Amino acid sequence: MNIQHTLETEVKKAVLSLFEVELPSVEFQPTRKDFEGDITVVVFPMLRFVKGNPAQIGEQIGEFLVEAVAEVVAFNVIKGFLNIVISDEYYLHFFNGIRSQENFGYATPADSDAVMVEYSSPNTNKPLHLGHIRNNLLGYSVAEILKAAGKKVYKTQIINDRGIHICKSMVAWQRFGSGETPESTGLKGDKLVGNYYVTFDKAYKEEIAKLVAEGADLKVAEKEAPILQEAQEMLRNWEAGDEEVVALWKKMNGWVYEGFDVTYKNLGVDFDQLYYESNTYLLGKDVVADGLEKGVFYRKDDGSVWIDLTDEGLDEKIVLRSDGTAVYMTQDIGTAIQRVKDYPDIGGMVYTVGNEQDYHFKVLFLILKKLGFSWAEKLHHLSYGMVDLPSGKMKSREGTVVDADDLMVEMTQTAGNISEELGKLEEYSETEKQQLYKMIGLGALKYYILKVDPKKRILFDPEESVDFQGNTGPFIQYTYARIQSILRKADSLGVPMEAVDTKVGLHPKEKELLKQLRHFPETIQLAAQQYSPALIANYTYDLVKGFNSFYQQVSILGETNVDQKSFRVQLSKKVAEVVQSAFLLLGIQVPERM
RNA sequence: GGCCCUGUGGCGCAACUGGAUAGCGCAUCUGACUACGAAUCAGAAGGUUACAAGUUCGAAUCUUGUCAGGGUCACCA
């Protein structure tokens, strides 16, 4: 069935009969646009086994293939490249195969071999910002891609709900808050709590300045500022289980969660299972004790426990403090093991965390391997670069952040402005319009972020905002909407939608589209293997560009030949379906009109 | 300083993982709406892939060195 597979065996047969040599493999690539052909065999690698002129060898193999394989209708050889032309019938036959197939490109879902994908994982002392958006979009999209590639997926996050950061907001609220609540202020809960985090920092700095003015050393002042001491005291009380502190902590975290829920909903991401650091930060200590017995870890004189990774080219790393309390690493070891206990079918995990933690995860994975967990081989740190502003790094404390909610509102407004100018939506109601603007605005934002290789840092300039023209989400959404328009018209004209006559013959643009459609399933697999939404984004862009070119050159509904017209309508429909499927994997919706 | 990531036309990104003449979008310049929707299409101009050696039939991609930017080297998370 698969043409490349057939060709591979036939090329091997050809070489065997022509030169009496068995090839271990054959290298294929899609033929470049400038040459005639559909698929290309690279002859050069064969020279290691077959002596001779690559051009001649190509010719001979080409002639053999035309004889042996029905689908091969012609060939040409340029330098060491054998370009093979595949028949139109083959492509039309392929199209009939996928014509009415739902979920074309998606692998059949498996019940075993689950993957847990962690993303978002915010602190609970401040609202989500642009950096979190990148994290969320990446994690969500990778989870969807893995599903489409046939994996069972659990989406999760670990919420950093305890620690000095939330205590700072709590102290500031107690001191300056005079009982404010989200209800009394009309603020989203996460915004309210975030404000107090900023308030804390301001008060803290003032106190330092005051102490320094009174003659204190700066370092000492930073440590001894009363408000900081108060926050530290509060953290100790929290750990001791002080009822009043715990109640305040619950209340303020609750506000934050309500706020987060709104943001997540607007962003279109979700989770199957939540983990809270307040429940997991004590986990892992038993594992360390076990590892100590096995000799994976060792204890220093002061009682702290370490692992020596110098043989692997890394450093020594602490896994338990001298007072016996857990560190970040201890917690992550424990959480990983807990997750596999909760979901025994997990065969691997993906951690969506910024690249400043590359080292941490390298060490974590190595430790889990040394502890002998089979699934430790299949852990992946989905590392991504920072989102920087022209002014530099985003800092919540200093208020130099692009807020997630604000950004989504702005994107929606921009989409609205552009739409109003174009004025194609007279018959839409106001709420329908708002929904559509949001779809387009978010589409622009998501595509803008996801089309870039995660490893690269993004410089985000709020002044220039995100493009709506060219290689963008709206460009692709627009093409989808235009196809829908054609389909509505075709429906009212009663264009037949039956299997296509494989003798109709193909326009070069049609063949181009069919070739691209054929690559969708393997693109999903590749994207899953590489944890790369960017591959899906780029694929979709190429497909849409191909369609627009086709659309401009070939008349669809104006075609007089009924078979031809039917094929073109159905081809358009399939392109739209693939665009929709692909965009779903990126978490982007597509509109009927725009 | 050690380790990790990045460096591709003015700007933002690609390049099927070592293949052919390095593609695309903004921006600039030309054309195409009385048309299946111009948020589109067709074309022009713009490159020594940071630099230098090496590996081979063949390098943006692999190796080594240099330069630039970022990250990380806490009994913080």
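Just above sits the structure.
A. Representation of the protein's contact with RNA strand B. Around RNA strand B sit 62 residues, and of these Asp302, Arg321, Lys424, Tyr478 and Gln530 come closest. Backbone atoms, meaning sugar and phosphate, make up 56% of the atoms of RNA strand B lying within 4 Å of the protein. Note that a sugar or linking oxygen of RNA strand B is positioned 3.4 Å from one of the side-chain N or O atoms of aspartate 315. Broken down by secondary-structure element, the contributors of at least two residues to the surface near RNA strand B are β1 (28–30), β2 (39–42), β4 (81–86), α13 (328–342), α15 (404–422), α17 (473–493) and α20 (533–553). Across the surface near RNA strand B, the residue classes break down as 23 nonpolar, 19 polar and 20 charged.

B. View of the packing of aromatic side chains. One pass over the full model with this rule turns up 24 aromatic pairs. Their ring planes at 45° and their centres at 5.9 Å tell us that tryptophan 238 and tyrosine 281 sit as a pair that is tilted. With a gap of 43 residues between them, tryptophan 238 in helix α9 (residues 226–240) and tyrosine 281 in the loop between α11 (277–280) and α12 (285–294) connect regions that are remote in the sequence. For tryptophan 238, a relative accessible area of 9% gives the class buried. The buried category is assigned to tyrosine 281, whose relative accessible area is 12%. The rings of Phe94, Phe104, Phe520 and Tyr539 are connected pair by pair, giving a single aromatic cluster. One Lys or Arg, arginine 162, reaches over the ring of tyrosine 281 and ends 4.0 Å from the middle of that ring. Above the face of the tyrosine 275 ring, arginine 339 is positioned so that its terminal group lies 5.1 Å from the ring centre.

C. Seen up close, the environment of leucine 543. If you trace the backbone, leucine 543 turns up in helix α20. Placed 28 residues apart in sequence, leucine 543 and lysine 515 show a C-alpha to C-alpha distance of 9.6 Å. With near-sequence residues (within four places) excluded, leucine 543 lies in contact with Leu513, Gln516, Leu517, Val575, Val578 and Val579.

D. Layout of the side chain of asparagine 83. Assignment of secondary structure puts asparagine 83 in strand β4. Here the side chain of asparagine 83 touches threonine 40 through a polar contact of 2.7 Å, side chain to side chain. When residues no more than four places from it in sequence are discounted, the contact partners of asparagine 83 are Thr31, Phe35, Glu36, Ile39, Thr40, Ala74, Phe75, Asn76 and Ile78.

E. Region of interest: the sheet that holds strand β12 (residues 379–384). Ordered in space as β7-β6-β5-β11-β12, the 5 strands form an open sheet in which the pairing is parallel. The open sheet is flanked by β7 (273–276) and β12, the only strands paired with a single partner. Here the strands of the sheet are splayed against their neighbours by 25° on average, with no regard to which way each runs. Strand direction decides the pairing type here: strand β5 (residues 114–118) and strand β11 (residues 346–354), joined by 5 bridges, are parallel. Each bridged residue has a counterpart across the sheet, and for alanine 114 the counterpart in β11 is isoleucine 346. Along the sheet, helix α4 (residues 130–148) contacts β5, β6 (152–159), β11 and β12; its crossing angle with β6, the most-contacted strand, is approximately 160°. Together, β5, β6, β7 and β11 form the strand contacts of α13, whose direction differs from that of β11 by roughly 140°.

The rules behind each value
Residues numbered from 1 in each chain as written. Chains lettered and ligands numbered in written order. Predicted model: local features only at pLDDT ≥ 70, side-chain atom pairs only at ≥ 80, totals over all residues. Heavy atoms only, no water. Near = heavy atom within 4 Å. Polar contact = N/O pair within 3.5 Å; in protein donor to acceptor, adjacent residues only side chain to side chain. Helix = DSSP H or I, 4+ residues; strand = E, 2+ residues; numbered from the N terminus. Nonpolar A, V, L, I, M, F, W, Y, C, P; charged D, E, K, R; others polar. Phe/Tyr/Trp six-rings, centres within 6.5 Å; stacked < 30°, edge-to-face > 60°. Buried < 20%, exposed > 50% of the residue type's maximum accessible area, 1.4 Å probe, protein only. Lys NZ or Arg CZ within 6 Å of the ring centre and 35° of its normal. Contact = heavy atoms within 4.5 Å. Pairing = 2+ DSSP bridges. Axes fitted to C-alpha atoms, helices over the stretch in contact; angles between N-to-C directions.

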